[in-house]
Amino acid sequence: MLSVQVGAAAVPPAVLAGMPRLRWGWAGAGLLALAASCGVGVLVGPVHIGVGTVVQTLVGGAVDPGQANILWSLRFPRVVLGVLVGGTLAIAGAAYQGVFRNPLADPYLLGAAAGANLGATLAIALAPGTSVLGVNVVPLAAFVGAGAAVSGAYALGRSVTGLRSATGLILAGVAIAAFFNSIQSYVQQTQTSSIRQVYSWILGRLVTAGWDDVLLILPYVLLSVVAIYLHRRLLDALTLGEDEVTSLGIPVRRVRLIVVVAATLGTAAVVAVGGTIAFVGIIVPHTIRLLVGRSYRVVIPLSVLFGAAFLVLADAAARTVVAPAELPIGVITAFLGAPFFIAVMRSTRAAAL
Amino acid sequence: MSDIVLAGVSVAYDGEPVVRDLDLTVASGEWLALIGPNGAGKTTILRAIARLVSFRGEIRIGGRAVTELSSRDVARKVAVLVQEPQMPAGMTVAQYVLLGRAPHLGYLGKESSRDRRIVRDVVRRLALEELASRPLDRLSGGERQRAAIARALAQQAPVLLIDEPTSSLDVGRQQSVLELIDQLRKEQELTVIAAMHELTLAGQYADRLALLVGGRLAAVGSAAEVLTEPAIAEHYRAQVKVIQMNGSGTAVVPVRN
């Protein structure tokens, strides 16, 4: 149909400029940032441990057993969890922004975190220690709660303001979060026996994080990140108008559903260990859009790398600024994220994304 | 092979009939212009052919009912150029045209080097090469229209549905866009159905015109047959003079008494 003319005289370059692709330089920069932040995360702490000791410990050399113990049971799992939580929150933010075509979408602002908290609280309070088919029921309940919150925010946002308005969805998410938080407070107050456990859930357990927590969330995080990553081309297509995407033969509803479920699953899992951490899903993807490009083929993979690096650094900061005490990590991300959010809101012209 | 047959097609939005019992045949390689006053159902017919809206009756492309095709198969047969294409800010022209390859990819598939070559050729054909890495929001109106045509062409579908191709362009750009579509139609043997509001241009470029009024077909035929003063007065409530311009078509000129 299309006549392909290969000129004999002047053969033009085979590659067309402007094609979407992730440049090696940026992927390398992301990996480097991640490695550097992990280094900082491992080295920062009340007990001084040198770089040499860390390396020796990793390769199985002879080191002081006390220091090895601190590294293996405290710092390594905490850094690994930071990587999982940060990478997931950033990719989930980018995914929600693509699906809802809303630059302000964030796992926290859509109510996903509040929903996960409510689900987890109900499970801890009403059915402590239960497992379904050998799976701890708490993360499952958190997922159901997060899913309910996101679908509630979506339905409410659509019915009240229509999805043309970027802020309508977010206001709906905030309202849902407030509602869920109130129920959760009520359950918490009436179930005093489990209150400590609930508190430790909500405030996040990066503080006491161990390998158990890593193993608990790893399957959900992997599933979520892989599913979103595989949809990066389709997320680009969703930026077109509704009729245009459909006329390209893309099953829009299926794409939206799968990506939202994946992002919500990942969010629910990381809220379980990280507690309420806001704005990572706004800061990281938007910085990448600004610096590198807007294609989801770039935004999605780089969000994982830089999101992980960002959260590990934020956690290191949370441990240092008021040492020997610790700040909740959400304090750091909100402190940086809220001004950023306002900047994004100001620059959003008609929610063009 | 890419002829289009509509038989008894009706479309309703929320129970409100928009297209009523329409019969229409478009030959392979033909350019049919859908004309008619605002709200006559022109866009809806295009949406029905591309299966973007559900309809009663039957629509066949190349002998096959569109309702029996998967949406990906429809997209391989029919490319749609909507009236105001949404052009995401920051997306490059090349990336935008590449989206046109979607119907040829699996659900989670990735474009092959062949897909990228096709995009490169389309971009070249439409003289967009210099602009390939420019963001869509930094194109002029005419350039945007060419980018949209390029995206549709990258689909390599034998049928091209166009909704008001010239609505926001000046007279020179209107002509160049329509000339381009006509050239492409001949080069690539495309069947073109275009909703057009500019009657003189519709008469000059289309092989046949279908006049729609209130979702029904009021007349179909050549420009000389359809564009008559009484018909336009009746259906558009417009005072016009229709002038036959010795071999350069039929001009419809508004007059003021």
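Since we're looking at a predicted model, the values are computed, not measured.

Turning next to the overall build of chain A. Each helix and strand counted, chain A has 14 helices and two strands in total. Burial statistics for chain A: of 353 residues in total, 50% are counted as buried. Long-range pairs, those at least 24 residues apart, make up 78% of the contacts in chain A with a sequence separation of at least 6.

A few words on the interface of chain B and chain A. A common measure of how large an interface is: the accessible area buried when the components associate. Every contact between the two is made by 38 residues of chain B and, on the other side, 27 residues of chain A. Mapped by element, the contributors of at least two residues to the side of chain B that touches chain A are helix H2 (71–77), helix H3 (93–98), helix H4 (113–125) and helix H6 (171–188) of chain B. Among the elements that line the side of chain B that touches chain A, the one with the most residues is H4(B), at seven residues. A per-class count over the side of chain B that touches chain A returns 23 nonpolar, eight polar and seven charged.

In this section: the sheet that holds strand E10 (residues 216–221) of chain B. Strand pairing in a sheet takes place through backbone hydrogen bonds and is either antiparallel or parallel in direction. All names here are of chain B. Strand order in this open sheet of six strands is E6-E7-E8-E3-E9-E10, and the pairing throughout is mixed. Looking at which strands have only one partner, the edges of the open sheet turn out to be strand E6 (78–81) and E10. On average, each strand axis in the sheet is inclined to that of its neighbour by 15°, with strand direction left out of account. Strand direction decides the pairing type here: strand E3 (residues 31–35) and strand E9 (residues 208–213), joined by four bridges, are parallel. Across the sheet, residue Leu32 finds its bridge partner in E9, namely Arg208.

Let us now look at the sheet that holds strand E1 (residues 4–13) of chain B. Residues and elements named next belong to chain B. Across the sheet, four strands lie side by side as E2-E1-E4-E5; this open sheet has antiparallel pairing. Edge positions in the sheet fall to strand E2 (16–26) and strand E5 (64–65), since each of these pairs with one other strand and no more. Contacts between helix H1 (residues 42–49) and the sheet are confined to E1, E2 and strand E4 (56–61), with E2 contributing the most and set at about 65° to the helix.

All names here are of chain B. Among the secondary structure elements, Val19 is positioned in strand E2. Through-space distance from the C-alpha of Val19 to that of Glu130 is 43 Å; in sequence the pair is 111 residues apart. Apart from residues lying up to four places away in sequence, Val19 is in contact with Val9, Ser10, Val11, Gly41, Thr44, Ile45, Ala48 and Gly215.

Counting 190 residues, the largest nonpolar core has Ala272(A), Val78(B), Val97(B) and Leu161(B) as its most contacted members. Per element, the largest residue contribution to this core is 17 residues, and it comes from helix H13 (residues 296–320) of chain A. Excluding residues within four positions of it along the chain, Ala272(A) makes contact with Ala116(A), Ala120(A), Val138(A), Pro139(A), Ala142(A) and Ile217(A).

All right, on to the packing of H4(B) against helix H5 (residues 141–154) of chain B then. Residue and element names in this part refer to chain B. For the pair H4 and H5, the least separation of the axes is 9 Å and the interaxial angle reads 140°. For the pair H4 and H5, the sense of crossing is right-handed. For the pair H4 and H5, the contacting residues are Ile118, Val119, Val122 and Val123 in the first and Ala150, Leu153 and Ala154 in the second. The residue makeup of the contact of H4 with H5, split by class, is seven nonpolar, no polar and no charged.

Here the focus is the packing of H13(A) against helix H14 (residues 329–347) of chain A. Residue and element names in this part refer to chain A. The contact between H13 and H14 brings their axes to 8 Å, and the two run at 115°. As judged from the angle between their axes, H13 and H14 are roughly perpendicular. Considering the relative orientation of H13 and H14, their crossing is right-handed. Two secondary-structure elements touch here, H13 through Ala314, Asp315, Ala317 and Ala318 and H14 through Ile329, Val331, Ile332 and Thr333. In terms of residue class, the contact of H13 with H14 is built from six nonpolar, one polar and one charged.

With that out of the way, let us pick up the pairing of E3(B). All names here are of chain B. With respect to burial, E3 is a largely interior element, five of its five residues being buried. Judged by which residues are buried, E3 turns out to be covered on both faces: Trp31, Ala33 and Ile35 on one side and Leu32 and Leu34 on the other are all buried. Bridge count for E3 against strand E8 (residues 191–195) is four bridges, and the pairing is parallel. If you follow Trp31 over to E8, its bridge partner there is Val192.

Here we take up the confidence of the model for chain B. Here chain B averages 93 in pLDDT, and 100% of its residues register 70 or above. Predicted as a complex, the structure gets a pTM of 0.88 and an ipTM equal to 0.92.

Parameters at a glance
- Residues numbered from 1 in each chain as written.
- Chains lettered and ligands numbered in written order.
- Predicted model: local features only at pLDDT ≥ 70, side-chain atom pairs only at ≥ 80, totals over all residues.
- Helix = DSSP H or I, 4+ residues; strand = E, 2+ residues; numbered from the N terminus.
- Buried ≥ 20, exposed ≤ 12 C-beta atoms within 10 Å, placed from the backbone.
- Contact = placed C-beta atoms within 7 Å.
- Nonpolar A, V, L, I, M, F, W, Y, C, P; charged D, E, K, R; others polar.
- Pairing = 2+ DSSP bridges.
- Axes fitted to C-alpha atoms, helices over the stretch in contact; angles between N-to-C directions.
- Core = buried A, V, L, I, M, F, W, Y, C linked by C-beta atoms within 7 Å.
- Left-handed = near helix turned anticlockwise from the far one by under 90°.
- Parallel < 35°, antiparallel > 145°, perpendicular 65-115°, else oblique.
- pLDDT = per-residue confidence, 0-100.

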